[in-house]
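Understanding the architecture of this molecule
What follows is each chain in one-letter form.
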Amino acid sequence: MSAITLKVNGRTHNLDLDPATPLLYALSDDLALRGPKFGCGLAQCGSCTVIINGTAVRSCVRPVSSVVGAEIVTLEGLGTIDKPHPIQKAFIDEQAAQCGFCVNGIIMTAKAFLDKNPKATEAEIQQAMSGVLCRCFTHVRMLAAIKRYAKGIKA
Amino acid sequence: MISRRDFLAASGALIVSFSIEDRPAAAQVFGGPATGSPPPNQLDSWIAIGADGGVTAFSGKEELGQGISVAQAQLVAEELCVSFQRVRLIYCDTALTPDQAHTSGSQSHPTNFNHGNLAQAGATAREALLRLGSERLGIPVDQLVAAEGFIRAASDSSKKVGYGDLIGSRKFNLTLDPKAKRKDPREWTVLGKPVPQPDLPAIVTGQFEYVHNVRVPGMLHGRVVRPPTVGATVADVDESSVASMPGVVKVVVKKNFIGVVAEKPWQALQAAGKLKVTWTPAPPLPKQSGFANHLRTQPARDTFLVNSNDVDAKLAGAASVLKATYFHPYQMHGSFGSSCAVASVVDDKATLWSATQAVWYQKSSCAMVLGLKPENVHVIFKRGSGCYGLNAADTVTYDAALLSQAVGKPVRVQLTRKDEMAWGENYGNAFLMDERAGVDAQGNIVAWDHESWSPGLGNRPGIGAPGNVITGTLIGFRPAAFNPRSPAPAPTAFNNNSNGVPSYLAGRFGGANKGTGTIASERVLVHNVVSPFFTGPLRSPSRLQNTFAHESFMDELAARVKADPVEYRLRHLGHVRLRAAVEQAAKAANWDARPSPRAGNPRTGAARGRGIACVAYEGDNGYAAMVVEAEVDQSTGKVSVKRIVVSTDCGPISNPDGLRNQMEGGALQGMSRCLGEEVTWDDEKITSIDWRTYHSLPLGFNVPKVETVLINRPDEEATGAGETSITLAAAAIGNAIFDATGARVRQSPFTPERVRAALAERT
């Protein structure tokens with residue numbers, strides 16, 4: 001075990017962890033965050049995605065020792081129920097979920113991509129989303145929500 | 001112990017704001033062992049009205065992401081004449097809600113929205129409030145109306161009394177009145193309108209509490225160590241191999257069940273990986289490559305669904321006879337999040353937080369797993385990752401319960417991806433299907449013969465069968481017994497729950513047509529055999545597989561007689577609602593009426609085609625049709641679906657947006673299943689164990705346009721709606737491939753290899 005300092009959603013947390021612990025475990029179990037989720041533990045589905053220094057990162061395979069000092073943003077860090085972030089609002093407006101378990105991976109992946117590539121074409125958005133899954137297959141609405149958000153950035 | 005009534009009184013302040021997020025905290029506080037569910041014939045079991053007039057409703061049908069919680073709250077608001085926001089819905093807690101068995105089989109809508117249960121409770125409560133209002137106001141009931149939480153005089157809205165004043169926090173003490181009048185769907189103001197999902201703001205902001213997020217004071221974390229190969233048994237466990245690892249609390253071994261409990265989840269995972277276990281292997285598995293023929297040779301339980309006893313004679317006299325064999329693989333629920341549960345088993349009492357689709361069966365079967373009295377087991381449903389039938393939610397609840405009992409503290413267990421896919425869930429059944437039909441000189445079908453072989457093992461745990469899922473079997477319970485039977489007895493009544501009977505058959509019993517079709521010479525024979533893998537009701541179980549064969553074969557017959565596939569279907573359908581579903585889907589898709597395959601299409605490169613399929617789901621539980629436009633790359637065999645149009649008739653529509661969401665998701669999930677999803681195995685183990693080896697279409701694939709056609713039937717009964725569109729995708733896509741290329745793919749999924757093989761077989 002080691003002293004590990006994590007900066008999550010603008011707050012600093014001092015934790016005592018095995019340095020090899022994947023970031024997801026620290027976020028879910030030590031910080032009790034509900035946004036990033038365990039889906040596969042293999043970086044194959046996107047469920048655990050967080051944004052670190054502006055880039056989407058699969059937290060299930062990223063050791064905590066490698067993100068000390070980094071600015072980590074989770075789904076909770078974007079907006080709240082009363083004041084959702086524009087991409088969260090886009091998902092509400094499009095009613096883009098069924099079970100909702102994959103929403104974290106979809107929103108965080110899309111946001112990181114579109115914030116860096118605000119003029120992305122539809123094909124580029126699809127390419128960016130080619131590594132995330134939704135098993136309820138709410139694809140039509142989720143892609144509509146992502147496009148709605150992208151339109152807002154451009155405007 | 002705190003009673004349900006105390007719970008209601010305590011929660012009264014919360015009734016004004018609808019939030020399912022309020023529920024878990026309250027349920028945990030009052031979560032003592034269950035004394036039994038409230039009696040379903042009592043109004044107070046379903047509806048409670050708080051002092052402020054807010055309505056709390058209790059249901060035994062749970063939210064899985066399919067939208068039923070929204071529709072149920074709409075129903076209660078409608079019948080009680082209050083706004084949607086005034087209704088708070090509590091579902092599937094064995095201490096609080098009526099026992100409605102499981103949430104499955106497209107039964108929630110028909111069960112709670114027609115003439116019993118929640119719907120009738122709402123109507124009974126409204127009429128009771130009108131009577132109470134009549135006494136209070138001194139005005140006859142027929143001169144009163146219920147509106148916005150008040151009973152008021154029809155002629156003078158100033159003469160009114162609120163529900164809270166009439167009954168607030170007191171019991172109705174009434175039995176459900178079967179004569180209480182449901183509102184006419186034509187007068188609906190809350191039902192029938194699109195209502196947004198109340199949970200969604202919490203979900204998209206990371207505030208929603210799934211079962212994975214349940215945290216109980218003093219909770220430890222467990223991981224299971226499953227057999228490395230199918231049927232392997234424990235020879236030896238070396239507990240010392242992990243004894244010195246940080247955080248390890250206990251290694252738990254019970255027959256072939258092994259688990260590790262640790263202080264933190266990462267520690268439990270590490271220890272589970274390091275634990276030295278010696279396993280005794282089981283005999284090798286049947287080869288996957290010859291599995292279809294393997295099924296034909298197994299001892300079987302045979303059942304006739306229909307048999308007019310003249311099929312062989314009619315086929316012998318037919319102008320032309322067509323035969324085809326179809327194969328559908330085992331497929332996975334493949335839930336996005338691996339399954340998780342939290343259990344607190346202390347002394348002789350257990351509280352389980354579970355995403356099971358059957359809290360009451362989990363209660364009774366987990367009592368057997370733990371050796372406790374069922375009344376001492378309390379199951380609280382908590383949403384998990386989308387399930388679609390029987391993922392590992394039940395088995396992981398047993399896992400958590402066993403580990404908690406062993407350490408005497410609450411334990412949370414989350415499966416690994418491999419454990420979920422290889423040793424967790426009950427797969428959707430494989431199916432081998434032979435179709436044979438004869439046509440007369442005019443091209444009309446004169447006889448149809450269908451025979452299927454399907455392997456099964458286990459199922460939902462039910463009331464007393466923990467061995468129906470893997471953990472129950474590992475600790476020594478047996479799966480449901482298999483009793484071979486051949487020959488099949490003569491069928492005595494029509495039951496098309498499995499859609500084993502094609503829609504085009506008459507289903508003639510007792511001198512009447514019970515089916516949806518016109519073909520009177522009919523035989524459907526089902527062979528159930530034993531599966532090497534656990535199986536269960538994956539979304540549209542049997543119905544999807546049978547419909548794939550029937551609707552593909554119907555297309556083959558139409559092509560044989562050079563008929564348009566829509567016209568040919570209508571020619572053999574007698575049922576007005578199924579006919580309408582076909583006609584409306586075809587109209588919305590601007591159906592290109594002509595025989596398939598499409599004349600003049602190129603034999604190389606890209607080719608486009610369209611296909612149709614339809615179903616009367618479970619025979620009479622929803623009517624739907626799907627038109628697909630697809631492009632086939634004839635050099636690679638890759639299939640790209642461009643457009644899906646799907647119609648659905650589920651009776652009176654409760655929530656149009658929720659219905660569309662289900663139709664869209666079902667269409668694409670069905671598309672993913674038929675284009676890539678297949679459980680695979682080698683001689684000893686499952687080899688589809690993650691998202692590289694089990695192929696689910698990702699968010700970024702070229703998503704087709706999906707158009708929905710809602711057919712509202714205010715005068716009909718409510719039917720299921722969540723499993724119709726998925727049932728149609730494989731056949732509709734296969735038929736579009738045929739239309740584009742003239743190649744028929746009779747094995748799902750339609751991988752590029754299989755499509756190329758079918759293209760090579762074209763004459």
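That block above? That's the structure.
The text that follows walks through the structure, step by step, so that each part is easy to find.

What counts, and where the lines are drawn
Residues numbered from 1 in each chain as written. Chains lettered and ligands numbered in written order. Predicted model: local features only at pLDDT ≥ 70, side-chain atom pairs only at ≥ 80, totals over all residues. Buried ≥ 20, exposed ≤ 12 C-beta atoms within 10 Å, placed from the backbone. Helix = DSSP H or I, 4+ residues; strand = E, 2+ residues; numbered from the N terminus. Arc of directions from axis to C-beta. Contact = placed C-beta atoms within 7 Å. Nonpolar A, V, L, I, M, F, W, Y, C, P; charged D, E, K, R; others polar. Pairing = 2+ DSSP bridges. Axes fitted to C-alpha atoms, helices over the stretch in contact; angles between N-to-C directions.

What to know about helix α2 (residues 86–93) of chain A
Those residues of α2 of chain A that sit buried are I87, Q88, A90 and F91 of chain A. Projected onto a plane normal to the axis of α2 of chain A, the buried residues spread over an arc of 155° and lie on a single side. Looking at the buried residues of α2 of chain A, the elements they touch are α3 (103–116) and α5 (139–154) of chain A together with α7 (200–204) of chain B. Phi for Q95 of chain A, located one or two positions after α2 of chain A, is positive at around 50°.

Things to note about the interface of chain B and chain A
Quite often, the size of an interface is put as the accessible area lost when its parts meet. Across the boundary between the two partners, chain B contributes 49 residues, which contact 55 residues of chain A. Within the residue set of the side of chain B that touches chain A, elements represented by two or more residues are α7, α8 (265–274) and α18 (656–675) of chain B. For the side of chain B that touches chain A, the element with the highest residue contribution is α18 of chain B, accounting for seven residues. Residue composition of the side of chain B that touches chain A, grouped by class: 18 nonpolar, 23 polar and eight charged.

Things to note about the sheet that holds strand β5 (residues 150–153) of chain B
All names here are of chain B. With antiparallel pairing, the three strands of this open sheet are ordered in space as β4-β5-β6. What marks the edges here is a single partner per strand, and that holds for β4 (144–147) and β6 (160–162). On average, each strand axis in the sheet is tilted by 20° relative to the strand beside it, whichever way the strands run. In the sheet, β5 pairs with β6 via three bridges, with the strands oriented antiparallel. Each residue of the ladder has a partner; that of R152, found in β6, is K160.

Details of the pairing of strand β24 (residues 623–633) of chain B
All names here are of chain B. Within β24, nine of the eleven residues are buried, which leaves the element mostly enclosed by the surrounding structure. In the sheet, strand β23 (residues 606–616) pairs with β24 via eleven bridges, with the strands oriented antiparallel. Its bridge partner being in β24, A616 is matched across the sheet by Y623. Sheet topology note: the β24/strand β25 (residues 639–649) ladder contains ten bridges and is antiparallel. If you follow V627 over to β25, its bridge partner there is V645. Connecting β24 to the next strand, β25, in antiparallel fashion are five residues, including G637 with a positive phi near 85°.

As far as function goes, none of this settles anything; it's purely spatial.
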